[in-house]
Amino acid sequence: MFTSDTIVSFITSCNGPVSGIRVSGDKSLEVLKKIFVPEYKKKDIKFIARKVYLGDFVSENGFIDQGTAVFFKGPASYTGEDCFEIFFHGTPLISRLIVNSIILNGVRVADAGEFTRRSFLNSKIDLLQAEAISEIYQTRNEKALSLVYNNLKGTFSKEINEIRDTLVGVISGIEAYLDFPEDEVEAGNTKTISLEVKSIQKIIRDILKNRESCDYIRNGYRIALFGMVNSGKSSILNQLLKEDRAIITNIPGTTRDIIEGEISIKGILYRFFDMAGMRLTSDTIEKIGIKKALKMAKTSDLILFVTDISLEDQELNLKLEKKLKKYKHLTVKNKCDLKKSVENENSSTELLISAKTGVGFDELVEKIYSLTVGDLKMDDEIFLINERQKSHLLQTIESLDLSLETIKNGYTLDCVSVDLYDALNYLKEIIGEISTEDILDRVFSTFCIGK
Ligand SMILES: Nc1nc2c(ncn2[C@@H]2O[C@H](COP(=O)(O)OP(=O)(O)OP(=O)(O)O)[C@@H](O)[C@H]2O)c(=O)[nH]1
Ligand SMILES: [Mg+2]
């Protein structure tokens, strides 16, 4: 629950060259003056906001450590309240002594996400921006990070606010008509209202349409290395990762378990899965590996079907490829270095490579990117939408559907406006204009302590 206590938390690990602590709340300045003595000590030092001071950290037992302190005067701070941040030598002992000295001055330890929650409650940010801050910590690739920053800077909030304003316009029109029906205000025209509601629904549906792209951008793609034993799947994984990750031997059936590695291609995350090769075997462990490989291949976003092009007999490969028809796949003809004459056999679904020499890997990476990201809408209009936001957007559409139904069934406009108000409230919940303790607890519980 939100209180006005002054709170403290570490903002870095307590074991490193430098550690940091943040304090926020009414007592901040008073506490800072108790635990920190600037180098050029004056009788009653006035901490100028946002200025870095060098000095000594002290407790009632005397000197603890030397470091720096910055005071932020609210509302010009992260939380909107008076805050300070201090940095000192990062040892567990010094960290403990300093934080104890702060707590002894009447400050309590912050809950997870409490600083950001205060920032939200003090209207420094809305709920979409708060969620973007949480998302920064889960983001593992550049493209997702740039979308997170779009949300953080308020691009998504602006879009939701615009939709909300349009809906408010429709509702106020209806209310004006209900108040003064004799004026025959245009809003009394149910046809016009239906059209306006439908156009709002379209905007929301377009936002949701991009959600699949968001998921790929956020979580990356899963690529399965699939093929007969000894075709070079593990060698391809190692070549892609540029490290010696998987065991490679010329013994067929080397890989049993699934081995994973990730790379970033143009800012998008790709997770590759090297797996057991296909063959008929009586080995129990290998059989399990093959079963796992088949399952992984079927659930991946793209299959790299690896074949050994140096083999005279390609029958097994051709049989296996037939089975892949219904899955998105790219045939990778490996070991092209062993073939004396290779005609240009590259096509939109086939590529010649050599995991030994690295030939064809630039094209392979390019191809993987175009076969995956190629289908996505990747412009700035994409918003990173989480489950909470998605469910409110769907509820908004549903309430708007109900309002259309109400109009169709010939009910009066005050009934229509009830549905429209419901839709409006869902939109307000998305940005946090309306929120309950319960919603906030859920949102901020995803944060780490200190944020
Ligand atoms: N000349 C040549 N040899 C390769 C190439 N790629 C892999 N090899 C060799 O082929 C053999 C099998 O390679 P792996 O990468 O272990 O093949 P795999 O598909 O993972 O094999 P399994 O795990 O048994 O299914 C090894 O001796 C590799 O050195 C290549 O492009 N050219
Ligand atoms: Mg292998």
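Residues numbered from 1 in each chain as written. Chains lettered and ligands numbered in written order. Predicted model: local features only at pLDDT ≥ 70, side-chain atom pairs only at ≥ 80, totals over all residues. Heavy atoms only, no water.

(A) Representation of the coordination of the magnesium ion (ligand 2) in the model. Around the magnesium ion (ligand 2), the protein supplies Ser234 (OG) and Thr255 (OG1) as donor atoms, at distances of 2.0 Å. In this pair, Ser234 is assigned in helix 9 (residues 233-241) and Thr255 in the loop between helix 9 and strand 9 (259-265), connecting sequence segments 21 residues apart. Looking at Ser234, the relative accessible area reads 9%, which means it is buried. (Donors = N, O, S within 2.8 Å, 3.2 Å for Na, K, Ca; no water. Helix = DSSP H or I, 4+ residues; strand = E, 2+ residues; numbered from the N terminus. Buried < 20%, exposed > 50% of the residue type's maximum accessible area, 1.4 Å probe, protein only.)

(B) Structural detail: the environment of Ile11. Among the secondary structure elements, Ile11 is positioned in the loop between strand 1 (7-10) and strand 2 (16-24). In this structure Ile11 comes out as partly exposed when scored by relative accessible area, which is 29%. Each C-alpha atom, one on Ile11 and one on Phe87, is 9.6 Å from the other, the two residues being 76 residues apart in sequence. Those residues within four positions of Ile11 in sequence are excluded, and the remaining contacts are Gly20, Ile21, Arg22, Glu85, Phe87 and Gly450. (Contact = heavy atoms within 4.5 Å.)

(C) Layout of empty space enclosed by the protein. Per the counting criterion, the structure on display carries 1 cavity of 30 Å³ or more. For the largest cavity, the calculated volume is near 50 Å³. Taken together, Leu128, Glu131, Ala132, Glu135, Val148, Asn151, Arg218, Leu384, Ile385, Asn386 and Gln389 make up the lining of the largest cavity. Among the elements of the structure, helix 4 (127-136) and helix 5 (142-152) are those that each provide at least two residues to the lining of the largest cavity. For the lining of the largest cavity, the element with the highest residue contribution is helix 4, accounting for 4 residues. The residue makeup of the lining of the largest cavity, split by class, is 5 nonpolar, 3 polar and 3 charged. (1 Å grid on protein atoms, 1.4 Å probe; cavity = no way out; pocket = protein on both sides within 12 Å on 5 of 7 lines; lining within 4 Å. Points joined across faces, edges and corners; volume = space filled by probe spheres on them. Nonpolar A, V, L, I, M, F, W, Y, C, P; charged D, E, K, R; others polar.)

(D) Summary view of the sheet that holds strand 2. With respect to topology, 7 strands assemble into an open sheet ordered 3-4-5-6-2-1-7, the strand pairing being mixed. Looking at which strands have only one partner, the edges of the open sheet turn out to be strand 3 (36-38) and strand 7 (108-109). Sheet analysis places strand 1 next to strand 2, joined by 4 bridges and oriented antiparallel. Bridging across to strand 2, Phe10 finds its partner in Ile21. (Pairing = 2+ DSSP bridges.)

(E) Layout of unusual backbone geometry. Cis geometry is found at the peptide bond from Gly74 to Pro75, where omega equals 5 degrees. Relative to the elements of secondary structure, Pro75 occurs in the loop between strand 5 (62-72) and strand 6 (83-90). The residue Ser123 is not glycine, and still its phi comes out positive at about 60 degrees. Considering the arrangement of structural elements, one finds Ser123 in the loop between helix 3 (114-121) and helix 4. On the basis of relative accessibility, which here comes to 64%, the residue Ser123 falls in the exposed class. One non-glycine residue with positive phi stands out, namely Lys266, at about 45 degrees. With respect to the element layout, Lys266 can be found in the loop between strand 9 and strand 10 (268-274).

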